[in-house]
Amino acid sequence: MAATDSSQALSPLRAQYLQVKRSCPDAILFFRLGDFYELFDEDAEIASRELEIALTRRDFGRGERSPMAGVPHHAADGYIARLVNKGYRVAVCDQVSDPALSKGLVEREVVRMVTPGTVVDPTMLAAKRNNFLAAAVVGRGAAGLAYVDITTGEFAVTQFSAVEPELAVQQELARIGPAELLVESGGVPSFNPTLRSIRTGRGAGATSNPAAGSPGHRAGEPFALHTPPDDDSSGLPRWAEGIRESVRHITPYEARYFQEESSRERLLRHFEVASLEGFGCAHLPLAIRSAGALLAYVEETQRGVLEHLTSLETYSTERFMVLDPHTRRNLELFQSGRNGGEQGSLLWVLDQTQTPMGGRLLRRWLSQPLLDVDALNARLDLVEAGLRDVPLRAKLRNYLDRVGDLERLANRCIQRIATPRDLVHLANGLHAVAELQAGARLPQDPALAARDGGATKDGAAAIAERLAALDAAPEAEALIRMTLVDEPPAIITEGGLIRAGFHQELDEMLAASKDGRQWMTDLERRERERTGINNLKVGYNKVFGYFLEISNSQLSRVPGDYIRKQTLSTGERFITPDLKEYEALILNAHEKSTKLEQELFVQLRADLAIQYAERILATARALAELDVGLGLASVAERWNYCRPQINDSTTIHLVAGRHPVVEQAQVETPFVPNDTNLSLDEQQILLLTGPNMAGKSTYLRQVALIVLMTQIGSFVPAEAASIGLIDRIFTRIGAQDDLATGQSTFMVEMVETANILHHATPRSLVILDEIGRGTSTYDGLAIARAVIEYLHNNRRCGARTLFATHYHELVEVAQLFPHVQPCTIAVTEEGGRVIFLRKIIPGGADKSYGIHVAQLAGIPRQVIHRAEEILEELEKKGAERVRRKAMKEMAVSPALQLMLFGGERESNPLIEELKTLAIEEMTPLEAIGKLYELQQRARRDSPPA
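To start, this report covers the structure provided alongside it.

Further remarks concern helix H15 (residues 474-483). The complete set of buried residues in H15 reads Ala476, Glu477, Leu479, Ile480 and Thr483. Projected onto a plane normal to the axis of H15, the buried residues spread over an arc of 160° and lie on a single side. Those residues of H15 that are buried are in contact with helix H13 (420-439) and helix H17 (577-611).

Right under this line is the structure:
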C-alpha cells in the first residue's frame, strides 16, 4: 500500500485506518465499521480474489477512491479461517469505544492477530488435533526445535545431535505436524514480515513471496511453489526446502529473534527465573534459540496469551520410535493414500475417544511410539481393565461423551478470551466429571482387589489411578452456575448474562429498567385514552430515542403538553417531559447494567483462571488418558484384539496376525490371518514371493502396524503377539515419482532404499516391497540381491526385514544365507481360474500370474491372448531357469564380506583388532603402516578366486 499523502490531507476515517495499518503491515487488516469488517487497498484486492467477494471503491473525499471489500461481522470468522488456511496473516481491528458515547471517530485498535499457528477461535480449530506453532534451528551436527499450542498451553523443546541434522529435524517436524513453522529468514538481509507465509503443501498451487519488496514481485501475487535449491529468494534457509511435505506453512522470521543471548533472556524474563536449569534446557543453545523465537512471535501476534504458558517441557527424541515421513505415509497412520482423508487410516480404526482431549492424546501416542517396556505395560494395563469390565467401561464412556473440551476451555479462561457460553460449557463439563466420579463403582482398595468380571489387579489400579487424579472443581461449577444465566448470549456486550439475585445493585438497575419499559408499554394505552387518538403509537430508534407518533389526520387533537420532535410525511413525532424522564431512566439503567454485567463476567473469568484453571487442566490430562485407554479397549473388544507381550528381545512372533484397517474395510469377506516369525538369530529376513494382488503388501504393512500398535500401548489384531522393542520402522512401498525435483519413480525408490540401508540398526524393522522393479530385469534383480546380502551380512545394519519381490529367482538366495527364510502366498487354480488364498506358506513362487491380474483389470482379450503367447515363448527359452541357476551358484566371497559388509556374523580377528585400535593416539605414519599390515593379512586370509 503506497499512500504518500500526509494524514492531515486525508479524511479522519482514512487517517485512522492508515495509522492502524502501519502497526501491522504484514497482515490483512479486518477494519470494523458498524456491522461489517471492511478491507481497503491491496488487502481488499487480495480478499476479493481469495474469498470471491465483491470489490468496490470508497470515496474518502479530496478525490481519493480506494479499493474496498467487506464481510458481515457475524460471519467474519469463516472468512478469516479461509485466508489463514491459505497462509495469510489476518489482523482484526475492532471498535473499542461505545459509538453512542464517542465524540467524533470511534476508537479502534487491533485486538488479535491470526496466523496458521496462532489460531484460538474454536470455529477454526479441529477438536481432536493440536494446532502447533513450531520453530527450528539447524546447526552443524545438531538441531533445535520448539513447539507450542496456545490453545492448550503445551510448550516443549528439544535438541538432538545427528550426523544429518537436516534429516533429523525433518523427521521430528513430520511427527509434530505443525500448522506453522518459523525459520530464520535466509535470503532477506533485512527481513520485514509479509502478508503471507510460504504455503508448502504438495499440489497447493501458488503461494506468495515472503520477501517484502522482491524485485518484480507484488506482495500477495503468486510465485513458483518450489524454489530452486540454490535460490534464496524465498527467504528460507536451505535446510527448510526439504520439509515442504511435512509443514504446510513456513514463515521466515527475523534472524535477530533467533539469537541465543536474547532468546535466553526472553525465556528467563517470561518464566521469572534466574536459570533454565529447572526446565532441563540450560545447556541446549539451539533449543533455546527456537523457544525464544516462538515467544517473540506469540507476543507479537497474540498479546496476552503468553501469561498461560507457565511451563516448558524438555524432551528427548531418543525416548520414541523414529518414524520418517515415508513410513508415516506408507503405513497410512493419519490419512489414507486412497482418499487423502482420515477414513481408511490407522487413526480411523483406533480413534474411539469421546473427548477432544482424548483424540489429541491418541494422535500424540501414534506419532510417538514408546521405547520403554514399563510405560507400555502401564498403558496396556489400562486397556485391559477397560476390556474386562464392560459395564464400567460403558458407564465411564457415557460420562466422557458429555465432558467436552475442558483443556481448551480452561485455557480460554487463562487467556481471558472465554465467552459466556464457554463458561457454561465448562460448568457442564465439570458436572459430567463429578457424575463420572460418582458413577464409577471401584473397590475400596483397587490395588489389591480385582474388578468384577475378572480384570487384573494392575488393571483395576490403572483405572483407579486416573479416577483419583480427577478433580471436578465443584467450587468452579458452583461459581459459574451462581453467576451466569443458563443460556447466556454469545457475546458480553448484549447484556442478559448475570443471574438474578447474584448482585443487588445490578438487580436494582434491571428492576428500574424493567419498570421503565413497563411504563412505556402502558403509556400508549394511557395516551390513547387521554387524547382520544386511537392510532397513537409509542416508538423508539437509536437516533431520536422514544417518541409518540401521530398521523397527519389527528394532529388537531394533539394536547398542549406535547413537544414536537420530528416531522414526517405521514405525521409528526412528539415527546413529553415524563417520556424524556423515563427514557433517561431506561437508557441509563440499561447502559449501566450492561457495563456492570461485563465487569462481573470479566471478574468471574479471571477468578476461574487464577483459582481453578490448573486443577481443571490436570483433570483434563487424566481424562484424556482414561478416554484413550477405554477407547482402545472398545476397539479391542469389537475386533478381538489380544494383549501383546513386550520385551527387549530381537524377535517378532505373531500368531494369526491381521491388518487392522483392511479387516474393517472388508467386513463382508473374512480376513485371512497369517503368522510371522522374525529373529536376528534365526529368521532375520522373510523373503516373500507371490503373484500380484495376492496380498503381499497387505501382509508387510500389517506386521509393521501391529508392531507400531504394540509400542503405543494398544492391543493388536492377532491371537498372540510377542514383540521385541523396535527402534525404527522403515518402509519402501509403492511406486511414486517426484516430478517437482526431477526424480523418477526408480530414483525415488533408490533414494528411500539408500536412507534405509544407511540408518537401519539391528533393532529396526525394515519393510521392502519390490526393490529394483523400476529398471531392467537384470539391473533390478542385481540390486535386490545386493540389498538382501547387505541386510544379512552387515552387522551394523542387520535389521529384521520383510522383503517382498516378484523376482522368484531370489528364493535361491536362502540356500546361501542361513537367516533368509523364503515364503510365498498360496494360490490355487480351478477350471482355469486363479484363486488367491491369502495364506503365507514356506517356499517360493514359480510365477507371478501377472497376465491373470491384467485380465481382471479389463485389458482387452486380444492383448491377453497375445501376452500368453509371448510368455510361452519366453518360458521355452528358459531365461528364468538360467537366472535361478546363477542365483544359486553366485556366492559372496569372504573378502567382500569383510570389506563391504563388515564380515561374517561369527567373530573375525581383523574386525576385533580394528575395534581395539587407538587411532587417535597414532601418528599419520603409524596409521598408514597399520592399514597396510591389515590389508596384507586380509589378502592372505582370502581364498583364491
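This is not the end of the story, as more comes after the structure.
Let's shift gears to the packing of helix H12 (residues 406-414) against helix H18 (residues 613-639). One can describe the packing of H12 onto H18 by two numbers: an axis separation of 8 Å at closest approach and a directional angle of 160°. With respect to each other, H12 and H18 are oriented roughly antiparallel. Here H12 runs over H18; the crossing is left-handed. Facing Leu406, Glu407, Ala410, Asn411 and Ile414 of H12, the residues of H18 in contact are Ala613, Ile616, Leu617, Ala620 and Leu623. Residue composition of the contact of H12 with H18, grouped by class: eight nonpolar, one polar and one charged.

Time to look at helix H2 (residues 41-51). With nine of 11 residues buried, H2 is to be regarded as a mostly interior element. Considered for burial, the residues of H2 that qualify are Asp41, Glu42, Asp43, Ala44, Ile46, Ala47, Ser48, Glu50 and Leu51. In this fold, the buried residues of H2 make contact with helix H1 (12-23), strand S1 (28-33), strand S2 (36-40), strand S4 (65-72) and helix H3 (76-85). Just beyond H2, the residue with positive phi is glutamate 52, at close to 60°.

Topologically, glutamate 180 is positioned in strand S10 (residues 180-184). A C-alpha to C-alpha distance of 6.3 Å links glutamate 180 and alanine 134, two positions 46 residues apart in sequence. Apart from the residues within four sequence positions on either side, glutamate 180 is in contact with Thr115, Pro116, Gly117, Thr118, Phe132, Leu133, Ala134, His249, Thr251 and Tyr297. Within the structure, glutamate 180 has its side chain in polar contact with the side chain of threonine 115 (distance 2.7 Å). In this structure the side chain of glutamate 180 is engaged in a polar contact, spanning 2.7 Å, whose partner is the side chain of tyrosine 297.

The strand order across the open sheet formed by six strands is S3-S4-S2-S1-S5-S6, and the pairing between neighbours is mixed. The open sheet has two edge strands with one neighbour each: strand S3 (56-59) and strand S6 (108-114). The average angle at which neighbouring strand axes cross in this sheet is 40°, direction not considered. As judged from the four bridges shared by S3 and S4, these two strands associate in the antiparallel manner. Pairing of threonine 56 across the sheet is with methionine 68, part of S4.

Per the counting criterion, the structure on display carries 12 aromatic pairs. Between the aromatic rings of phenylalanine 155 and phenylalanine 271, the centroid separation amounts to 6.4 Å while the plane-to-plane angle is 25°, which identifies the pairing as stacked. A residue pair is termed long-range when its members are at least 10 positions apart, and phenylalanine 155 in strand S9 (residues 154-161) and phenylalanine 271 in helix H5 (residues 260-271) qualify at 116 residues. Phenylalanine 271 matches phenylalanine 155 in its accessibility class, with the two residues each being buried. Taking 5.1 Å as the distance between ring centres and 85° as the angle between the ring planes, the aromatic pair formed by tyrosine 253 and tyrosine 297 counts as edge-to-face. With tyrosine 253 in strand S14 (residues 249-253) and tyrosine 297 in helix H6 (residues 285-301), this pair connects stretches of sequence that are 44 residues apart. Across the pair, tyrosine 297 and tyrosine 253 agree in class, each one buried. These aromatic residues form a ring-pair network of at least three members: Tyr17, Phe31 and Phe40.

Attention shifts here to the sheet that holds strand S17 (residues 545-551). The four strands are arranged S16-S17-S19-S18 in an open sheet whose pairing can be described as antiparallel. Single-partner strands in this sheet number two, and they are strand S16 (537-541) and strand S18 (563-567). Across the sheet, the mean angle separating the axes of adjacent strands is 40° when strand polarity is ignored. Inspection of the sheet shows S18 paired to strand S19 (residues 571-575) by four bridges, in the antiparallel sense. When the sheet's bridge partners are listed, threonine 567 is paired in S19 with glutamate 572. The strands that H17 touches are S16, S17, S18 and S19; relative to S17, the one it contacts most, it runs at about 145°.

A complete count under the given rule lists 42 salt bridges for this structure. Of the charged contacts, one joins arginine 256 and glutamate 254 as a salt bridge, the two residues approaching to 3.0 Å between their closest N and O atoms. Judged by relative accessible area, which is 45%, arginine 256 ranks as partly exposed. In this structure, glutamate 770 engages lysine 696 in a salt bridge whose closest nitrogen and oxygen atoms are separated by 3.9 Å. Of this pair, glutamate 770 sits in the loop between strand S26 (765-769) and helix H22 (777-793) while lysine 696 sits in helix H20 (residues 696-710), and the two are 74 residues apart along the sequence. Taking the relative accessible area as the measure of exposure, glutamate 770 reaches 4% and is therefore buried. A network of salt bridges, in which partner residues are shared, links Asp381, Glu384, Arg388 and Arg643.

Going through the model one piece at a time under the given rule, you end up with two cavities of 30 Å³ or more. Forming the boundary of the second largest cavity are Asp324, His326, Thr327, Phe730, Thr731, Glu752, Asn755 and Ile756. When contributions to the lining of the second largest cavity are tallied by element, the ones reaching two or more residues are helix H7 (325-330), strand S25 (729-732) and helix H21 (745-759). Of the residues forming the lining of the second largest cavity, the biggest block, three residues, is contributed by H21. By residue class, the composition of the lining of the second largest cavity is two nonpolar, four polar and two charged.

Tracing the backbone shows cysteine 93 in strand S5 (residues 90-95). In this structure cysteine 93 comes out as buried when scored by relative accessible area, which is 0%. On a C-alpha basis, the gap between cysteine 93 and tyrosine 37 in space is 8.4 Å, while along the polypeptide they are 56 residues apart. Not counting residues up to four positions away in its chain, the partners in contact with cysteine 93 are Val20, Leu29, Phe30, Phe31, Arg32, Tyr37, Arg108, Glu109 and Val110.

Glancing now at the pairing of S26. Judged by how many residues are buried, S26 sits mostly within the fold: five of five residues are covered. Of the two faces of S26, both are covered, the one formed by Leu765, Ile767 and Asp769 as well as the one formed by Val766 and Leu768. Bridge count between S25 and S26: four bridges; the pairing is parallel. Looking at the pairing, phenylalanine 730 lines up with valine 766 of S26. Across five bridges, the pairing between S26 and strand S27 (residues 800-805) is parallel. Residue pairing in the sheet places leucine 765 in a bridge with arginine 800 of S27.

Calculation notes
Residues numbered from 1 in each chain as written. Predicted model: local features only at pLDDT ≥ 70, side-chain atom pairs only at ≥ 80, totals over all residues. Heavy atoms only, no water. Buried < 20%, exposed > 50% of the residue type's maximum accessible area, 1.4 Å probe, protein only. Helix = DSSP H or I, 4+ residues; strand = E, 2+ residues; numbered from the N terminus. Arc of directions from axis to C-beta. Contact = heavy atoms within 4.5 Å. Axes fitted to C-alpha atoms, helices over the stretch in contact; angles between N-to-C directions. Parallel < 35°, antiparallel > 145°, perpendicular 65-115°, else oblique. Left-handed = near helix turned anticlockwise from the far one by under 90°. Nonpolar A, V, L, I, M, F, W, Y, C, P; charged D, E, K, R; others polar. Polar contact = N/O pair within 3.5 Å; in protein donor to acceptor, adjacent residues only side chain to side chain. Pairing = 2+ DSSP bridges. Phe/Tyr/Trp six-rings, centres within 6.5 Å; stacked < 30°, edge-to-face > 60°. Salt bridge = Lys/Arg side-chain N within 4 Å of Asp/Glu carboxyl O. 1 Å grid on protein atoms, 1.4 Å probe; cavity = no way out; pocket = protein on both sides within 12 Å on 5 of 7 lines; lining within 4 Å. Points joined across faces, edges and corners; volume = space filled by probe spheres on them.

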